[in-house]
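Below are the chains, spelled out letter by letter.
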Amino acid sequence: MRFMGNAAAILRKDILLELRGRESLSLMLFLSLLLLVIFNIALDLDKDSVSSLASGILWVVFAFSGILGMGRTSMAERDEEAYLSIVFSPASPESFYIGKALSNFLFLLIMECFTMLSFVILFDFEKIIGLLPQLLVPLVLGTIGFSLVGTLFSFLTTASKYGEVLLPFLYLPVVVPVILGGVTSMGMVLNGNAGGTWKWIQMLAVFDVLYLAVSLLLFRYLMED
Amino acid sequence: MNLIEIRGLKKQYHAKTALNGIDIDIGERDSITVFGPNGAGKTTLLKIISGIMSPTEGNAFYNNKKYSESEMKKEVFYLGHKTSLYNALTVGENMDFICRLFSINHRGESVKNILKEHGLWERRRDPVNELSQGMKRRLALAKGFMTDPKVFILDEPFTGLDLRWRSSILSKIKDIRSQGKTVILSTHLVEEGFELATRVAFLHKGRFLFIKKKEEVKIEEIYGLFDSMGETGK
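Note that the structure is predicted; figures quoted are calculated from it, not measured.

Chemist: Tell me about the interface of chain A and chain B, and please be specific about residues and values.
Modeler: At the junction of the two partners, chain A supplies 28 residues and chain B supplies 28 residues. When residues of chain A are sorted by the area they lose upon contact with chain B, Glu80(A), Ser85(A) and Phe88(A) head the list and together hold 29% of the total. At the boundary of chain A and chain B, one finds 2 salt bridges. Linking Arg12(A) and Asp96(B) is a salt bridge whose minimum nitrogen-to-oxygen distance equals 3.1 Å. Elements represented by at least two residues in the side of chain A that touches chain B include exactly helix H1 (2-21), helix H3 (47-78), helix H4 (84-87) and helix H10 (198-224) of chain A. The greatest single-element share of the side of chain A that touches chain B, amounting to 10 residues, is contributed by H1(A). Per-class residue counts for the side of chain A that touches chain B are 14 nonpolar, 4 polar and 10 charged.

Given below as structure tokens:
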């Protein structure tokens, strides 16, 4: 009970920080829109090509905008060493991690919804809206994996002055299974093969559990020094 | 009984030795002031005592338990060079967050009283980044009062403050002492540090030149040491 209470307090604080500072989500939304505009201009796709490329384009945007946002939420903890107020409190490192992962998950999900909506408008691809219920499962599972790994790595790298440069190099190779699972399963849904996504969804779920277990273990060590 | 025991502490940053062979026992209600010139290793020592930095060698115990096995981080308040505040949040929101972590009623009278005592009640709706450095330090200390820890570890609490804020922070630390808390403080301001101490230590080049009871040291002796190292201690 206390564990989830502390995690909720950290989530609430991150939402307040975002409302006050607008440092993470607004940057993510701006970058995602920028990337979509670049893809739109550079690829000049017809309706059939959009269907086959949509999933890949979306996940590239999710990945890069997500990295930017998660780096910023960790920087907010490092500024003025604010995270020490959590370290010197009854909150366990695990509840700290879960609180941060929840806030990253929430911001990522908002960014992803915004990106998909922008994609519909920019690429004139309304099909996504009709398929949203089927897209939701791989999207949510992929976002869970993204936020679990991103929370750990962004906190690790912001300790270094080159943190924001280091983050993509460490983070992206580790989340390759999530990107692969997300791109493939969402691609299948968009191309009328929703029945074939089951094994990819299973894989995403397994990796989420794995990331959670390893990250919880490592975050404690990270906090101890 | 000793609350904190540090044994054979050594801290190395690559080729540079920041601390070498530090032993110190800190009891309940102790108030230790660690003096030393810039670069003596005071901040490193306090970070290790507070458990946020690991030593290269040596052991640290809290209530006879290794730090990692103790409840130390729940019972210590650490204020370093930075204030550990969320700058974008308001004064009230920072206090509210701490109350939630410590399961204190955030709408209770205690928050109001503490903010009033620290002269921050009128500023409760202002973002922290609009406060002066002195007010930020007071807010950081107010957080400590709110959570009622056993030990206060304060690293250079007077740094960057003008005389008015310095005396204000000094009086707050006196309040902490009068409540019977353990205080470990580092400073290069001799007068303030001496006034607050029950024991006095002088750190130089990573080693203690001495740790003595306040009665066994004359303030001139500390000024003399600072003078010999090219600093004033004022």
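Chemist: Break down a nonpolar patch on the surface for me, citing the residues and quoting the values.
Modeler: A cluster of nonpolar residues, Leu156(A), Tyr162(A), Val165(A), Leu166(A), Phe169(A) and Leu170(A), forms a patch on the protein surface that exposes about 610 Å² of accessible area. Broken down by element, the residue count for the nonpolar patch peaks at 4 residues, all from helix H8 (residues 163-174) of chain A.

Chemist: Tell me about the packing of aromatic side chains, and please be specific about residues and values.
Modeler: Enumeration according to the criterion identifies 18 aromatic pairs over all chains in this entry. A ring pair is formed by Phe202(B) and Phe210(B), whose centres lie 6.3 Å apart and whose planes are at 40 degrees; its orientation type is tilted. Phe210(B) matches Phe202(B) in its accessibility class, with the two residues each being buried. Three or more aromatic residues joined by ring pairs make a cluster, and in this case those are Tyr83(A), Phe96(A), Tyr97(A), Phe155(A) and Phe219(A).

Chemist: Report on the pattern of salt bridges, specifying residues and quantitative values.
Modeler: According to the stated counting rule, one finds 21 salt bridges over all chains in the structure shown. In this structure, Asp14(A) engages Lys13(A) in a salt bridge whose closest nitrogen and oxygen atoms are separated by 2.8 Å. The class of Lys13(A) is buried, set by a relative accessible area of 2%. Across the pair Arg7(B) and Asp25(B) runs a salt bridge, and its minimum N-O distance is 2.7 Å. Residue Arg7(B) is found in strand S1 (residues 2-13), and its partner Asp25(B) is found in strand S2 (residues 16-27); the two are separated by 18 residues along the sequence. A residue is classified by how much of its surface remains accessible, and Asp25(B), at 28% relative accessible area, is partly exposed. Here the salt bridges do not stand alone but share partners, grouping Lys13(A), Asp14(A), Glu77(A) and Lys100(A) into one network.

Conventions and cut-offs
- Residues numbered from 1 in each chain as written.
- Chains lettered and ligands numbered in written order.
- Predicted model: local features only at pLDDT ≥ 70, side-chain atom pairs only at ≥ 80, totals over all residues.
- Heavy atoms only, no water.
- Contact = heavy atoms within 4.5 Å.
- Buried area = accessible area lost by both parts, 1.4 Å probe.
- Salt bridge = Lys/Arg side-chain N within 4 Å of Asp/Glu carboxyl O.
- Helix = DSSP H or I, 4+ residues; strand = E, 2+ residues; numbered from the N terminus.
- Nonpolar A, V, L, I, M, F, W, Y, C, P; charged D, E, K, R; others polar.
- Patch = residues over 30% accessible without salt bridge, like charges linked within 9 Å, V, L, I, M, F, W, Y side chains within 5 Å.
- Areas by Shrake-Rupley, 256 points an atom, 1.4 Å probe, with all protein chains shown as cover.
- Phe/Tyr/Trp six-rings, centres within 6.5 Å; stacked < 30°, edge-to-face > 60°.
- Buried < 20%, exposed > 50% of the residue type's maximum accessible area, 1.4 Å probe, protein only.

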